[in-house]
Amino acid sequence: MKELKVLAEGTNFTAVSAGRFDELKDYELPMGPDVTIKGKVFTGAALKSTGMEMSLQTLAPGEGSAFVHAHKTHEELYVVLNGEGEFRVDDRLFAVAEGSLVRVAPAGKRALRNTGTADMIVMCVQYKADVFGADDTPMTDGVILQDEVFPDGLAR
């Protein structure tokens, strides 16, 4: 079974590689005694993430989710990186393709399938719902530093 590769680590970061997108099919994700999802990998633990989980998944033409699911407290953001398909949320079915972004609230019943002729590659970011307030924006949380962007002498 394929595993994520750590590229670099430091006090404030972890970098990993999942490999080429056409190699995602080599991952296997055990979900329980009778369910293994081929072509999917979670990255949060390898990245040492403390505020989100992320997965990468590939679906071959005609392939779809193994089951419909919802969450207790986690919202999900799906990003279609390649291919095309259909996405189901509750009683709605709609087309998605490369560049589509779909946010699903925790209670939303969700599933997707590849309706195209090429592999469908999807990134899913999972995070706790309802933690951002009106004042929590990238503009209010970000701090612009006066550091030189790429100074000579950076450690490699």
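Just so you know, these numbers come straight off a predicted model, no measurement behind them.

Rules and cut-offs
- Residues numbered from 1 in each chain as written.
- Predicted model: local features only at pLDDT ≥ 70, side-chain atom pairs only at ≥ 80, totals over all residues.
- Heavy atoms only, no water.
- Pairing = 2+ DSSP bridges.
- Helix = DSSP H or I, 4+ residues; strand = E, 2+ residues; numbered from the N terminus.
- Axes fitted to C-alpha atoms, helices over the stretch in contact; angles between N-to-C directions.
- Salt bridge = Lys/Arg side-chain N within 4 Å of Asp/Glu carboxyl O.

1. Some remarks on the sheet that holds strand 5 (residues 40-42)
Within a sheet, each strand pairs with its neighbour through backbone hydrogen bonds, oriented either parallel or antiparallel. Spatially, the five strands line up as an open sheet ordered 5-6-12-7-10, and their pairing is antiparallel. Pairing within the sheet leaves two strands with one partner each, and these edge strands are strand 5 and strand 10 (101-104). Pairs of neighbouring strands in the sheet enclose a mean axial angle of 15 degrees, with direction left out of account. In the sheet, strand 5 pairs with strand 6 (residues 53-59) via three bridges, with the strands oriented antiparallel. By the bridge assignment for strand 6, Lys 40 is matched with Gln 57.

2. Focus: the pattern of salt bridges
Scanning all chains against the criterion turns up seven salt bridges. Where Glu 9 meets Lys 48, a salt bridge forms, and the shortest distance between an N and an O atom there is 2.6 Å. Of this pair, Glu 9 sits in strand 1 (residues 5-10) while Lys 48 sits in the loop between helix 1 (44-47) and strand 6, and the two are 39 residues apart along the sequence. In this structure, Arg 103 engages Glu 75 in a salt bridge whose closest nitrogen and oxygen atoms are separated by 3.2 Å. With a gap of 28 residues between them, Arg 103 in strand 10 and Glu 75 in strand 7 (residues 74-82) connect regions that are remote in the sequence.

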